[in-house]
There are 4 protein chains.
Amino acid sequence: MNSFGHRFRFSTFGESHGKALGCIVDGVPAGIKVDEEFIQNEMNRRKPGKNQYATSRKEGDKVEILSGVFEGLTTGTSISMIIFNENQKSKDYSNIKDLFRPGHADFTYYNKYGIRDYRGGGRSSARETAARVAAGAIAKLMLNELKIDIKSGICEIDGIKASKHDFDYSKTSEIFSLDKDKEQFQKDAILKAKKEHNSVGGVALLNVKNCPIGLGEPLYFKLDSQIANAMMSINAVKAIEIGDGIDAVKEKGLYNNDEIGSDGFKTNHSGGILGGISNGDDLNIKIYFKATPSIFLKQSTVDVNNNEVECELKGRHDPCVAIRGSVVAESMMALVLADMVLLNMSSKIENVKKVYN
Amino acid sequence: MNSFGHRFRFSTFGESHGKALGCIVDGVPAGIKVDEEFIQNEMNRRKPGKNQYATSRKEGDKVEILSGVFEGLTTGTSISMIIFNENQKSKDYSNIKDLFRPGHADFTYYNKYGIRDYRGGGRSSARETAARVAAGAIAKLMLNELKIDIKSGICEIDGIKASKHDFDYSKTSEIFSLDKDKEQFQKDAILKAKKEHNSVGGVALLNVKNCPIGLGEPLYFKLDSQIANAMMSINAVKAIEIGDGIDAVKEKGLYNNDEIGSDGFKTNHSGGILGGISNGDDLNIKIYFKATPSIFLKQSTVDVNNNEVECELKGRHDPCVAIRGSVVAESMMALVLADMVLLNMSSKIENVKKVYN
Amino acid sequence: MNSFGHRFRFSTFGESHGKALGCIVDGVPAGIKVDEEFIQNEMNRRKPGKNQYATSRKEGDKVEILSGVFEGLTTGTSISMIIFNENQKSKDYSNIKDLFRPGHADFTYYNKYGIRDYRGGGRSSARETAARVAAGAIAKLMLNELKIDIKSGICEIDGIKASKHDFDYSKTSEIFSLDKDKEQFQKDAILKAKKEHNSVGGVALLNVKNCPIGLGEPLYFKLDSQIANAMMSINAVKAIEIGDGIDAVKEKGLYNNDEIGSDGFKTNHSGGILGGISNGDDLNIKIYFKATPSIFLKQSTVDVNNNEVECELKGRHDPCVAIRGSVVAESMMALVLADMVLLNMSSKIENVKKVYN
Amino acid sequence: MNSFGHRFRFSTFGESHGKALGCIVDGVPAGIKVDEEFIQNEMNRRKPGKNQYATSRKEGDKVEILSGVFEGLTTGTSISMIIFNENQKSKDYSNIKDLFRPGHADFTYYNKYGIRDYRGGGRSSARETAARVAAGAIAKLMLNELKIDIKSGICEIDGIKASKHDFDYSKTSEIFSLDKDKEQFQKDAILKAKKEHNSVGGVALLNVKNCPIGLGEPLYFKLDSQIANAMMSINAVKAIEIGDGIDAVKEKGLYNNDEIGSDGFKTNHSGGILGGISNGDDLNIKIYFKATPSIFLKQSTVDVNNNEVECELKGRHDPCVAIRGSVVAESMMALVLADMVLLNMSSKIENVKKVYN
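Let me begin by describing the structure that accompanies this report. (Residues numbered from 1 in each chain as written. Chains lettered and ligands numbered in written order. Predicted model: local features only at pLDDT ≥ 70, side-chain atom pairs only at ≥ 80, totals over all residues. Heavy atoms only, no water.)

### Quick look at the sheet that holds strand 4 (residues 63–67) of chain B
All names here are of chain B. Taken together, the 5 strands give an open sheet; going across it, the order is 1-2-3-7-4, and neighbouring strands pair in antiparallel fashion. If you trace the sheet from one side to the other, it starts and ends with strand 1 (3–4) and strand 4, each paired once. The pairing of strand 1 with strand 2 (residues 9–14) spans 2 bridges and is classified as antiparallel. Bridge assignment links Ser-3 to a residue of strand 2, and that residue is Ser-11. Its contacts with the sheet put helix 3 (residues 129–145) on strand 2, strand 3 (20–26), strand 4 and strand 7 (79–84), and the angle it makes with strand 3 is roughly 30 degrees. (Pairing = 2+ DSSP bridges. Helix = DSSP H or I, 4+ residues; strand = E, 2+ residues; numbered from the N terminus. Contact = heavy atoms within 4.5 Å. Axes fitted to C-alpha atoms, helices over the stretch in contact; angles between N-to-C directions.)

Next comes the structure, spelled out in structure tokens:
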């Protein structure tokens, strides 16, 4: 259950304070040029310690490819990548060894497994998402061959919403803000919460251009259901919208239905998906991240013996997980699309014949 | 891809205007008493033609069990159920045979497969969800053995929100409304839209009581990610929230974190899930259905040769799919939980030993 | 676990003495012409009651397609097929209701599930294989589009081995014998065992011509490992050989290695598979069926309370299951190859581009 | 497709001459004591370079656990293990860079993927099986908790068969011979072939004691079909027998049927499996390995441009792969059984209740 995907599939391993984390990516077609610098750049976008809006844990997050690539090309065999942990401070966690941090997975992991690596949340830590970004970079290399283009940005922090969605701007923003006019307010909100030892939530927006028509396998591997699955598997995500999402629910049928002309769809309320299958229009997805549960305020909790205790965290944490989370969401989108691209290949017998004749 | 679930798994077949639809349910533990009346009652809750708030298509939706049950008990082998279609009116669709209804899967199915059964949407029709309810009834029979209790209701229609959530009341409401004080307004909104040949959206709320701690398999088969997956696979669903959902994103960490006392969690902002694993508290999930795309107003579209044409639907359709959709959502929740219950059995070696010693 | 295959996947249901049995076939590319007569002919090759070398149970084994086909073409959606049981004689089994037939699955099903449908073996009956042949016929329709040709025959019965392998002759033989000079001896052996209320074993040979190079997914979905999986899932199969099989083990490396010339392989000891991937040469597979466990001689056994009792079967059984089993093996081969054909489509990025550009 | 298993699942990566190989083992119940010395001992049984009957490539095959274990116990999260390659001699392969070795996967990998790592066979090398043994060791640690005991040995080399099967003796034999009276003849055969630059085949026997009744999931995840799948996925395996196997086919039904007394089965022709489910008796399985294809004699082949050329191998190879292969077979058996143990947990509702109440 540490694997995701069907034909383009990855499996991850590793804990926050273990030796290393990494992944195996399986089902990658042979012959794709592997640009290691690109992969590392993807890692760098997510990596911690870059500025005051993220945790101060410093990790190089240097990825090493161990297999599946030969002379710069994918070989069709399983690609393994490893990232060594460098900057753990496990003693920060000694005082919470036996208690359950509110809002964290401590309680549930302990009850489910009867044991947990308490250091930094162990396997439940968002540190695991580094492996997703590495796997996602491979997915992107494949999608690039088909010119499918995925972008992400932050459209809301602490209730402060972007008025415009400028994906070029977000690339350069320290907080990946989509709206340079709102960016400073959003930054201020983060720093204010941080100063108060609290944290804030945020919303990421994903946009996919040049998505082929036909991605998504009905009925239980629909494009939107797999996107929902992927996004909700990211730490701290509590809601997801496709296209107009919740707003669509308030509208009448006539409004929501995207009329079609000979040049394509006239509107895009659907978010580019109809009946679980991509319709060729842009995919638009919103992902909602709750505020980081790791805060530096006193909270009531219990210990492993169910004694009531006070919890006071140490350690280094992101005041707003949505920011780095948006990079992870982008990676997960790439991974979903790569899988869907391969799955859709056999939808018609004429495509099967194209490959074999 | 017409299958869902890992250990408790179902597969469906059937089109809106085909001979029959049905399912195979696999992985059901042996020895569960099969109450056929209960299964039929579940079907009846979803079935069309009951009142003016639903389509007038009349289907008995009588389920017949073909295998997997012997002398009233499940045998551990695959359970097959079949529902014959009785009240198709395929000629209603003759005028849309070659064009793509806005808001429907016509366009995407045609492009993906190069062929489609245009009658009633074929496989993309919500009629398929009858098979899900049959499968869900088997899941519920299993969950009943563990006293896990799932309820659903409608908390919003056309923007009219419930002020209270009375799951007993919703059972008796024709539109499954959770708030009897809002019910009439909601009904009026539906009928008004219907009269205008339009349609409205709605929101379903799911509540699960007595959910064991520990359900959900990290990292890519989390309880919340599988619920999102399941719900987004239902026709017309455009958004999903876990617990406080979008509201959680506007709150600070301190607020969202549910503190723990020796009697359990003091609040339930999380919706009963932490780190993708159930925490023993109630599960609370909201599912957003867009307005039915099938409306009886003129819309612009193209035909299969990309000529611009006007689309005017005939046929019989729900003015608000959220209502019957809420029953499907409840069934999907049962199916997810049944799967998670079985998957979680091997989380600890001590549980493995319990079964084998 | 009543499903087989990854991309081209089928699921079966039904018991020997239940109402019906059938299957759902999933992942079938759209646009394949569905020749219902061909499907029925496949069923007829396996069906019981045709001659004295098979059980006298008379079943029409008429297949009805319930979904997934529209105007004679596959639509890409799940194809469901159903076969109603017509000629059960459940009372034949009343005397063995509480005891375990030696050589049968009675003992293991009862212990595993705590309940079993004792009538005709229930789910463990070879009657289930009718559903495999129906699914296999769909697979063959797809393979026909690529000119992949699968043949089968019987090469040994009761130790009497074929000296030649004439797949044209076997089609016309009542016992699918590959050697018309040995056929009468094989028939005599069957009838002699039948007269003595005993049964005999047999060996089926499979040959595949025009198999594309490249089928088989290393390392754990190799072509040979999936063939072994598929064949061993057939009732009464106890051994399987790929190519020279056991004989290969007695030879030196130099002999076994098939040398290659510019026209292809010079010999075919490998059975057409190297490193788990088809090499373009003929696939040759042998499958060993033990003698039917259902015999009409007294045998010692126990009942469900572990009392020692004598078992005396009634009912109607094949004196040699290998014969009809060879048709099932051919169907399973088709199902494996159909799956492998689809899986292999994405082995190279250039093939991905062929489909999308 | 580099993964095996359903609930207890492993994925492997790595090439013969790459940096490292390894695996992720998923679905391991929490709370199992991890004896690292035991794991290394398992590796040592398979590792090359130990004596003249194996390749002279020297690999320490030191396993490092990277995740999933905390304070000596499994945590229920994914266990990753890595083995660095130390003793590659890639230049041995420079002369075969562009040609296809007869009997090897070179031809098929090249044709399937359009690219291959030619050094030592790359991913198709038996070196990959080191990762299986590491994963298998984890499986054994779990099976030990249930007292399930797996043994293996060599029962035939170059046609020289063991007359007795002494699994205690085989542990101490350099060639894992089951019969000390035949061992020297078998050794001589190996060395003779080696001297002649040729190779020999061999047969491994597996025996499992104390296997619980009920393992195996009908119909397409039967115990025997999964064993066949697992074994046939091992390099050079060309045939597999369950119980009496091919001999069973020559016998009548009365002989093959294992009669049952109140103390259990009176004979074990079935190999401990009935209807695809373990019956509580010993599992007995035979696996047939062809002679190593890597021989040092001239052979005809073609190069990547289909020019006819002579192939003359250099490098270091096992003269008989069955020997080290038997350890891999034992590991694969452990991995199959571990999976089956977990899958079978939910066969009865009473077992589900045992875990949840």
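Moving on from the coordinates now.
### Notes on helix 10 (residues 349–356) of chain B
Those residues of helix 10 of chain B lying buried are Ile349(B), Asn351(B), Val352(B), Val355(B) and Tyr356(B). Each buried residue of helix 10 of chain B lies within a common arc of 160 degrees when the element is viewed along its axis, so the set occupies one face. (Buried < 20%, exposed > 50% of the residue type's maximum accessible area, 1.4 Å probe, protein only. Arc of directions from axis to C-beta.)

### Things to note about the packing of aromatic side chains
Tallied over the entire structure, the rule returns 32 aromatic pairs over all chains. Ring geometry for Phe107(C) against Phe265(D): centres 5.1 Å apart, planes inclined by 80 degrees, an arrangement best described as edge-to-face. A residue pair is termed interchain when its members come from two chains, as with Phe107(C) in helix 2 (residues 106–113) and Phe265(D) in strand 13 (residues 264–265). Under the relative-accessibility criterion, Phe265(D) is labelled buried at 16%. (Phe/Tyr/Trp six-rings, centres within 6.5 Å; stacked < 30°, edge-to-face > 60°.)

### Points about the sheet that holds strand 4 (residues 63–67) of chain A
Strands in a sheet are paired, the pairing made by backbone hydrogen bonds, and the direction either parallel or antiparallel. Residue and element names in this part refer to chain A. Strand order in the open sheet made by the 5 strands is 1-2-3-7-4, with antiparallel pairing throughout. Each edge of the open sheet carries a strand with a single partner, namely strand 1 (3–4) and strand 4. As judged from the 6 bridges shared by strand 3 (residues 20–26) and strand 7 (residues 79–84), these two strands associate in the antiparallel manner. Bridge pairing in strand 7 places Val-25 opposite Ile-79. Helix-sheet contacts for helix 3 (residues 129–145) involve strand 2 (9–14), strand 3, strand 4 and strand 7, and the interaxial angle to strand 3 is about 30 degrees.

### Digging into the packing of helix 3 (residues 129–145) of chain C against helix 9 (residues 321–344) of chain C
The packing of two helices is summarised by the inter-axis angle and the distance between the axes. Residues and elements named next belong to chain C. One way to put it is that helix 3 packs onto helix 9 with a least axis distance of 8 Å and a crossing angle of 45 degrees. Here helix 3 is positioned oblique relative to helix 9, judged by the angle of their axes. The hand of the helix 3/helix 9 crossing is left-handed. Residues Thr-129, Arg-132, Val-133, Ala-135, Gly-136, Ala-139, Lys-140, Met-142 and Leu-143 of helix 3 lie in contact with helix 9, whose contacting residues are Val-327, Val-328, Glu-330, Ser-331, Met-332, Ala-334, Leu-335, Leu-337, Ala-338, Val-341 and Leu-342. Partitioning the contact of helix 3 with helix 9 into residue classes produces 14 nonpolar, 3 polar and 3 charged. (Parallel < 35°, antiparallel > 145°, perpendicular 65-115°, else oblique. Left-handed = near helix turned anticlockwise from the far one by under 90°. Nonpolar A, V, L, I, M, F, W, Y, C, P; charged D, E, K, R; others polar.)

### Overview of the relation of the copies chain B and chain A
Superposition record for chain B on chain A: RMSD 0.0 Å, screw rotation 180 degrees, translation along axis 0.0 Å. The superposition of one copy onto the other is thereby described by a two-fold rotation axis. Identified as the residue of chain B closest to the rotation axis by C-alpha distance is Asn229(B), at 2.3 Å. Most of the interface of chain B is mirrored in chain A, where 100% of its interface residues again form contacts. (Least-squares fit on C-alpha atoms with pLDDT ≥ 70 in both.)

### What to know about the interface of chain B and chain A
Listed per partner, the contact involves 100 residues of chain B and 100 residues of chain A. The junction of chain B with chain A conceals about 8,100 Å² of combined surface from both sides, 60% of it contributed by carbon and sulfur atoms. Looking at the side of chain B facing chain A, the largest losses of area belong to Met1(B), Lys112(B) and Tyr220(B), adding up to 12% of the total buried there. Between Glu156(A) and Lys250(B) there is a salt bridge; the shortest N-O distance is 2.9 Å. On inspection of chain B and its partner chain A, the count reaches 55 residue pairs in polar contact (both at pLDDT 80 or more). Two elements, strand 11 (residues 237–242) of chain A and strand 11 (residues 237–242) of chain B, share 3 bridges in a ladder whose sense is antiparallel. (Buried area = accessible area lost by both parts, 1.4 Å probe. Salt bridge = Lys/Arg side-chain N within 4 Å of Asp/Glu carboxyl O. Polar contact = N/O pair within 3.5 Å; in protein donor to acceptor, adjacent residues only side chain to side chain.)

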